[in-house]
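In case you want the letters, here they are:
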Amino acid sequence: MNMVQPGTRILVADSDRAVLEMLQIRLDLAGYHALAARSGPAALEMAHNMRPALLVLDLAITEMTAFDVLAALQRDVSHPCGQVLLVGKRLGVEEVKRGASLGVRACMLKPFSGADLVERVGKMLKPVSPERPPANGFGSRIAPAARPSSSSDVFI
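The text that follows walks through the structure, step by step, so that each part is easy to find. (Residues numbered from 1 in each chain as written. Predicted model: local features only at pLDDT ≥ 70, side-chain atom pairs only at ≥ 80, totals over all residues. Heavy atoms only, no water.)

### Observations regarding the nonpolar core
Rules: Throughout this description, the term nonpolar core refers to a set of buried Ala, Val, Leu, Ile, Met, Phe, Trp, Tyr and Cys residues connected via side-chain atoms within 4.5 Å. Any residue under 20% of the maximum accessible area for its type is buried, any over 50% is exposed, and the rest in between are partly exposed; the area is computed with a 1.4 Å probe on protein chains only. Secondary structure elements are taken from DSSP: a helix is a run of H or I of four residues or more, a strand is a run of E of two residues or more, and numbering for both begins at the N terminus.
A13, L55, L57, L70 and L86 are the most contacted members of the largest nonpolar core, which totals 24 residues. If you list the elements that add at least two residues to this core, you get β1 (9-13), β2 (33-37), α2 (40-50), β3 (54-58), α3 (66-75), β4 (83-88) and β5 (104-109). In terms of residue count, the dominant contributor to this core is α3 (7 residues). Listed in part, the 18 residues of the second largest apolar core include I10, V12, Y32 and L117.

Here's what the structure looks like:
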């Protein structure tokens with residue numbers, strides 16, 4: 001079950017109206033308050049005004065590149081944006097590296113399901129729990145085994 005604070009704002013920026021509407025509906029049904037932008041300038045304005053907890057930004061957004069949007073958000077420290085999830089059909093090593101340098105926390109390759117996106121958003125927004133003291137008392141913990149990720153997952 002996805003534990004979210006009711007109304008957590010998620011800004012989805014994608015120039016494809018059908019994708020944008022599908023993601024907005026899926027996020028709304030999951031308990032988030034999904035905001036939609038169809039261009040880079042609109043995403044930038046909404047990020048400044050609405051201060052979303054997370055921005056889902058399509059690499060192929062129109063009117064500005066996704067990297068221009070990220071750079072503008074990074075420059076404006078008076079209006080911090082939450083975490084960034086970069087999505088796109090062509091996410092190569094260079095795009096992932098460039099995104100990471102601009103504050104991107106994770107990437108997903110298109111196509112992906114709405115359920116996959118909701119799961120990723122939930123993981124990104126999950127509050128960090130304070131570390132418990134190690135059971136052996138020596139300062140080390142064994143990390144739990146990680147669940148295999150899908151082929152569309154790219155973690156930074």
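### So, α3
Applicable threshold: When checking whether two residues touch, look at their non-hydrogen atoms; a contact exists if any pair is within 4.5 Å.
A large share of α3 lies buried, amounting to 7 of its 10 residues. Of all the residues in α3, the buried ones are A66, F67, V69, L70, A71, A72 and L73. The elements touched by buried residues of α3 are α2, β3, β4, α4 (93-101) and β5.

### Things to note about the side chain of T8
Topologically, T8 is positioned in the segment before β1. Ignoring sequence-local partners within four residues, the contact set of T8 consists of G31, Y32, H33, A53 and L125.

### As for the environment of L86
Within the secondary structure layout, L86 lies in strand β4. Classification of L86 as buried rests on a relative accessible area of 0%. Distance from L86 to A100, taken between C-alpha atoms, is 9.6 Å for residues 14 residues apart in sequence.

### Examining the pattern of salt bridges
Going by this rule: Think of a salt bridge as a Lys or Arg side-chain nitrogen and an Asp or Glu carboxyl oxygen that are within 4 Å of each other.
Considering all chains together, one arrives at 3 salt bridges under this definition. Two residues, K110 and D14, come together in a salt bridge whose shortest N-O distance is 2.5 Å. Within this pair, whereas K110 is found in the loop between β5 and α5 (114-125), its partner D14 is found in the loop between β1 and α1 (17-29), the two being separated by 96 residues in sequence. Taking relative accessible area as the criterion, K110 reaches 16% and is therefore assigned buried. D14 gets classed as buried once you look at its relative accessible area, which sits at 2%. The salt bridge partner of E119 is K123, with a shortest N-O separation of 3.3 Å. Separated by 4 residues within a single helix, E119 and K123 lie in helix α5, roughly one turn from each other.

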